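The residues making up each chain are set out below.
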Amino acid sequence: MTTPPKVRRDGESKPGTVVLDEISKKIIEELQGDGRKPYAAIGKAVGLSEAAVRQRVQRLLDAGVMQIVAVTDPLTLGFSRQAMIGIKCEGDLETVADELSAIAEIDYVVLTAGSLDIMVEVVCESDQHLLEILGKIRAIPTVRATETFVYLKLHKQTYSWGTR
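Residues numbered from 1 in each chain as written. Predicted model: local features only at pLDDT ≥ 70, side-chain atom pairs only at ≥ 80, totals over all residues. Heavy atoms only, no water.

- For the protein, an unreviewed UniProt entry supplies the name Transcriptional regulator and the organism Planobispora rosea.

So, in structure tokens, the structure goes:
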């Protein structure tokens with residue numbers, strides 16, 4: 001029986017990088033293809049028992065390497081408006097990012113380089129709802145400007161970029 005390796009942080013890797021063996025990488029890639037794939041089927045694909053796969057997956061989840069979630073289509077759930085909002089700020093960007101993260105409708109917050117400091121993605125029920133969220137964002141004291149990019153059509157969305 002193979003003992004799953006502990007997910008470890010390697011001092012020679014970039015800070016925050018998790019070092020994975022080839023089997024753990026293959027498990028991740030299997031789950032990226034189908035997050036509901038049975039552990040027994042993953043085990044066959046990677047050469048481990050179902051129990052060994054279950055242990056490795058749990059370690060990967062515990063280490064924050066991955067999440068297994070249901071990805072929904074917002075349109076089918078009554079959210080007719082999606083947008084990316086670019087934000088220009090003054091001061092500490094982390095503080096602004098924390099405040100933005102507390103807004104329930106914002107599902108994605110990233111600090112950026114370039115003409116915008118932060119980008120957020122919002123999922124809204126309507127244009128009126130989008131206006132309300134913009135009001136919340138603009139009420140943050142160090143936010144200086146916003147630029148809204150309304151989604152017209154989602155052309156591609158994937159979570160299968162593999163592992164390194």
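Picking up after the structure, the text goes on.
**A look at the nonpolar core**
Nonpolar side chains tend to gather and get buried jointly when the protein is soluble and globular.
Working step 1: With 19 residues, the main nonpolar core has Ile 85, Ile 87, Leu 100, Ile 118, Val 120, Val 122 and Ile 137 as its most contacted residues.
Working step 2: Looking at this core, the elements that each hand over two or more residues are strand E3 (81–89), helix H4 (93–101), strand E5 (118–124) and helix H5 (127–138).
Working step 3: Counting residues in hydrophobic clusters, the runner-up holds 12 residues, among them Ile 27, Ile 28, Val 53 and Val 57. (Core = buried A, V, L, I, M, F, W, Y, C linked by side-chain atoms within 4.5 Å. Buried < 20%, exposed > 50% of the residue type's maximum accessible area, 1.4 Å probe, protein only. Helix = DSSP H or I, 4+ residues; strand = E, 2+ residues; numbered from the N terminus.)

**A look at the pattern of salt bridges**
Working step 1: Counted under the stated rule, the structure contains seven salt bridges.
Working step 2: Taking the shortest distance from any N to any O, the salt bridge between Glu 22 and Lys 25 comes out at 3.5 Å. Of this pair, Glu 22 and Lys 25 are both found in helix H1 (residues 22–33), three residues apart, which corresponds to roughly one turn of the helix.
Working step 3: The class for Glu 22 is exposed, based on a relative accessible area of 51%.
Working step 4: The salt bridge involving Arg 144 is made with Glu 90; its shortest N-O contact spans 3.0 Å. Pair noted here: Arg 144 is in strand E6 (residues 143–150) and Glu 90 is in the loop between E3 and H4, with a separation of 54 residues, a long-range link. (Salt bridge = Lys/Arg side-chain N within 4 Å of Asp/Glu carboxyl O.)

**Here we look at the environment of Glu 147**
Working step 1: The residue Glu 147 is located in strand E6 in this model.
Working step 2: Excluding residues within four positions of it along the chain, Glu 147 makes contact with Met 84, Ile 85 and Gly 86. (Contact = heavy atoms within 4.5 Å.)

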